[in-house]
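One-letter residues, chain by chain:
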Amino acid sequence: MIIDLRGLREARLGLTVEQFAEGLQLDVGKIITLEQNPSLIDMELIGRISHVYKLSLQDIFQEASQKPQAFKVRDVYNDIRTRKKNMDGYLRERLNDMKLQLPPKDFKAIIEQYEAVNAECAKPVISLVGPSDSGKSTLINSLLGQDILLSQWTPTTSAAVYLKHHSDKPSWMGTDDVWVFRAESPKTGYNIHKHKTKTYSQKHLIISGDLNLLKNYTNRNKEGLHQEVDTAILFLDAPILTACDLADLPGFGTDTHKDTVLAQRARDLSDAIIFLCQSNAFFNKEEDLIFAKTMIQQLPAISAASDAPMLSNLFIVASQARIVGESQLPIIFDRGYTAIANQLSDRLIKTTFGMNKQRFTEHLKDRFFSYETDNVALRAGFEHELKRLLEELLPDYKQKRANQALSQFKERLLYFFTNEMSKYEEVLNNQNQLKQTYFSMLGEKDSVFKHIRSERDQLLDSIETLRKQDMKLFLEWEREFVTVKDIEQMISLKGYDKKNAPKLLPTNVMDLYHARLQEILQTSTESFQKDATRYIKNVEESLQGINKREMDDAYIPFDMQGMLAGGLAGLGVLGGLGILASTLGNLGGYILVSQGVGLLSAAGISVGGTAAAASAVAAIGGPITLGIGIALGIFLVARVIFGDSWQTRLAKELRNKLDKQNVCSKYEEQIDSYWSKTRDGIVHLSAVFQNEYGEKVMEIKNLLENEDEEVLKLHAEFFKTCKDHFASMPV
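Residues numbered from 1 in each chain as written. Predicted model: local features only at pLDDT ≥ 70, side-chain atom pairs only at ≥ 80, totals over all residues. Heavy atoms only, no water.

A. Layout of helix H27 (residues 646-660). A rise of 1.5 Å per residue sets the reference length of H27, with its 15 residues, at 21 Å; its end C-alpha atoms lie 21 Å apart and thus fit the reference within 8%. Within H27 the residues assigned to the buried category are Trp646, Leu650, Ala651, Leu654, Arg655, Lys657 and Leu658. Along the axis of H27, the buried residues cluster in a sector spanning 165°; they form a single face. (Helix = DSSP H or I, 4+ residues; strand = E, 2+ residues; numbered from the N terminus. Expected span 1.5 Å × (residues − 1). Buried < 20%, exposed > 50% of the residue type's maximum accessible area, 1.4 Å probe, protein only. Arc of directions from axis to C-beta.)

B. Looking closely at the nonpolar core. One finds Ile240, Ile340, Leu364, Leu390 and Tyr513 to be the most contacted residues of the largest nonpolar core, which totals 179 residues. When residues of this core are assigned to their parent elements, the largest contribution, 17 residues, is made by helix H17 (residues 376-429). Here Ile340 is in contact with Phe283, Leu289, Ala292, Ile296, Ile316, Leu364 and Phe368, once residues within four sequence places are set aside. Of all hydrophobic cores here, the second largest spans 18 residues; its members include Leu5, Leu8, Leu34 and Leu45. (Core = buried A, V, L, I, M, F, W, Y, C linked by side-chain atoms within 4.5 Å. Contact = heavy atoms within 4.5 Å.)

C. Region of interest: the pairing of strand E8 (residues 314-319). Burial analysis of E8 places six of its six residues in the buried class, the great majority of the element. Residues Leu314, Ile316 and Ala318 line one face of E8 and the alternating positions Phe315, Val317 and Ser319 line the opposite face, and both faces are buried.

D. Molecular detail of helix H15 (residues 346-353). All of the buried residues along H15 are Leu348, Ile349, Thr351 and Phe353. Of the residues one or two after H15, Gly354 is the one with positive phi, at around 70°.

E. Representation of the pattern of salt bridges. Under the definition given, this model contains 39 salt bridges. Residue Asp396 is joined to Lys400 by a salt bridge in which the shortest nitrogen-to-oxygen separation is 3.6 Å. Here Asp396 pairs with Lys400, and both are found in helix H17, just four residues apart, close to one helical turn. The class for Lys400 is partly exposed, based on a relative accessible area of 41%. Salt-bridge contacts for Arg456 lead to Asp457; the nearest nitrogen and oxygen are separated by 3.0 Å. The exposure class assigned to Arg456 is buried, which follows from its relative accessible area of 18%. Each of Lys123, Lys164, Asp168 and Asp245 takes part in one network of salt bridges that share partners. (Salt bridge = Lys/Arg side-chain N within 4 Å of Asp/Glu carboxyl O.)

F. Geometry of the packing of helix H2 (residues 17-24) against helix H4 (residues 43-53). At their nearest, the axes of H2 and H4 sit 10 Å apart, and the two run at 95° to each other. As summarised for this structure, H2 and H4 are arranged roughly perpendicular, according to the angle between their axes. Contact residues: H2 offers Gln19, Phe20, Gly23 and Leu24, while H4 offers Leu45, Arg48, Ile49, Val52 and Tyr53. When the residues that make up the contact of H2 with H4 are grouped by side-chain class, the tally is six nonpolar, two polar and one charged. (Axes fitted to C-alpha atoms, helices over the stretch in contact; angles between N-to-C directions. Parallel < 35°, antiparallel > 145°, perpendicular 65-115°, else oblique. Nonpolar A, V, L, I, M, F, W, Y, C, P; charged D, E, K, R; others polar.)

G. Broad picture of the sheet that holds E8. Taken in spatial order, the nine strands of this open sheet run E4-E3-E5-E2-E6-E1-E7-E8-E9, and their pairing is mixed. Pairing within the sheet leaves two strands with one partner each, and these edge strands are strand E4 (205-209) and strand E9 (368-370). Here the average twist between neighbouring strands, direction ignored, is 20°. Summarising the sheet, strand E7 (residues 272-278) and E8 pair through six bridges and their orientation is parallel. Paired with Ile274 across the strands is Phe315, a residue of E8. Running at roughly 145° to E9, helix H14 (residues 329-343) makes contact with E8 and E9 of the sheet. (Pairing = 2+ DSSP bridges.)

H. Just the side chain of Lys164, in detail. Of note, Lys164 is situated in strand E2 (residues 160-165). Classification of Lys164 by relative accessible area gives buried; the value is 5%. A polar atom in the side chain of Lys164 sits 2.4 Å from the side chain of Asp245. Those residues in contact with Lys164 that sit more than four places away from it in its chain are His195, Ile233, Leu234, Phe235, Leu236, Leu241 and Asp245. (Polar contact = N/O pair within 3.5 Å; in protein donor to acceptor, adjacent residues only side chain to side chain.)

Right, dumping it as structure tokens:
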């Protein structure tokens, strides 16, 4: 008879894998192997379990826990899917004709605009994070109602595993349900929002197949075999997956740097976070506090993109709650809340959420929950709030964004085909006026290019000024406000002792660096936004004005929004130009998502104004802040601090280490990189605008040289047919 060893350990004994191994005097690796391969369990081990834990054989062989029932969620996105499917049909009817008739650049632009619709209609991503063996797999199993699915690879997950509804699988993926991908680069992971793009996914694909791949390709115990794995996607049928995607992330505190990086990347793509910590060790470890406060401080602000209450996309969950019992939950919640609140940075909360820490922590109090698979009362609060998030709060926001995206796509199509139709009608009916436009644009070409370059150079000077100013401000701040005395005061303010100070203090100090970086870049980005908006406006006036001067001339407008979107989409990294996405509506949101920004974060940028500047720079500095903080903590823990003035000695040790590690220069590099990418982006946009002007001149010339009236009529009719077709497309 097969024993559910993990179920016995977790549900009946309430033990971590480390505690279970210690009690049986076995290696942790041996226990994990036996849990994954129950056929290897022999009678000697069964006898040892019976003796150590005073269990009868009947107790051991009895089914450890009730099979979880699937978490029921209404199919809240059915309306969006139906409307999107109708739009798919309309687009598919003309797709081949458009591919044959349109220039590749125009066809590509339409496809990219439709990808913006796909992004806005995508479901939110809910990520589960927490220390290793915190119960993420148990919770996912319960939500899915499919107990066997995740037990094959957790708790040893070495990759980000996304669970999506089978209806989200594009047809080109065929029958395979598991797809394993490598990262784009060492610094950029696989972008889950691009999984439907065939060329992108096939470029990064390692292997596809059935569930067995998860055990072989995303298991940390298979060390060295598949280190290139970054992300896996599993498609299956479960009610909750109609309302969201679930992301199972590697556990924190595994001594594996890759796990931390993967979790950080996935956080950037997430719309909501479920942070799990075992109830019998609820935030007892400094590492758990560090990662929890990092996730909270970098959580996308749901209230910036919708009317949802603050932090309604955050769940801090005490897993395996029956171990401590219902009566003890308020006590451990209060302890966890107090510990996390003490770790939060006032300045980072202000820059990220636009409110002071005291007000923020009042919202945080309401985000603590318990979970237990076999006890409805211990999971009721969590399930109620999760259902509210998935059925009410996120769908309301998503419905609005989807409505905008569908309408905007139709408007863009009609704008494009109407202009193209008018262009050919001008050739047929007003050739003399079109000639005047051509010669006018040709004659003004050098002048227009000179004006574009002049506007570009003014903006580049402004960017260079901001770069130097920001780096100077950061250096001056560090010298004045991160002194030994300041660090000593922080030790006192946090109430640390010799034991916890070495681990926690470095991350608190690094939060100061991160917050100051955010403050400086937010202010300068707001300034840049004004200059960049003025630059775009002046360039547009120069481009559009050239063929408006003579009212009798034929007028063929420049698509400034399309040019700007195409230019931004062509950049590898946006830098400060991410803020310009706020002028492009849902198309701008797609550009940001394609850069690895979560849907909620992209929406926050798209609102414009001060909130947009805050969202645009929110992710900058996060990874190095966490990495340096952990490294400094490891260093200080290894140091021996003696004497009554241990606070002073610790502060001096940390200050010296900050200098030796050139920490300030690492943040200055972040500033320099941000503005360098912004500068390169402006140079790129300037070239795009000039190229577009030159192509427009050549386009008119080619039209005038085409003397075949029948061919011109066919083109005009094609564009009219497309315009009429998409005019009737429901949104």
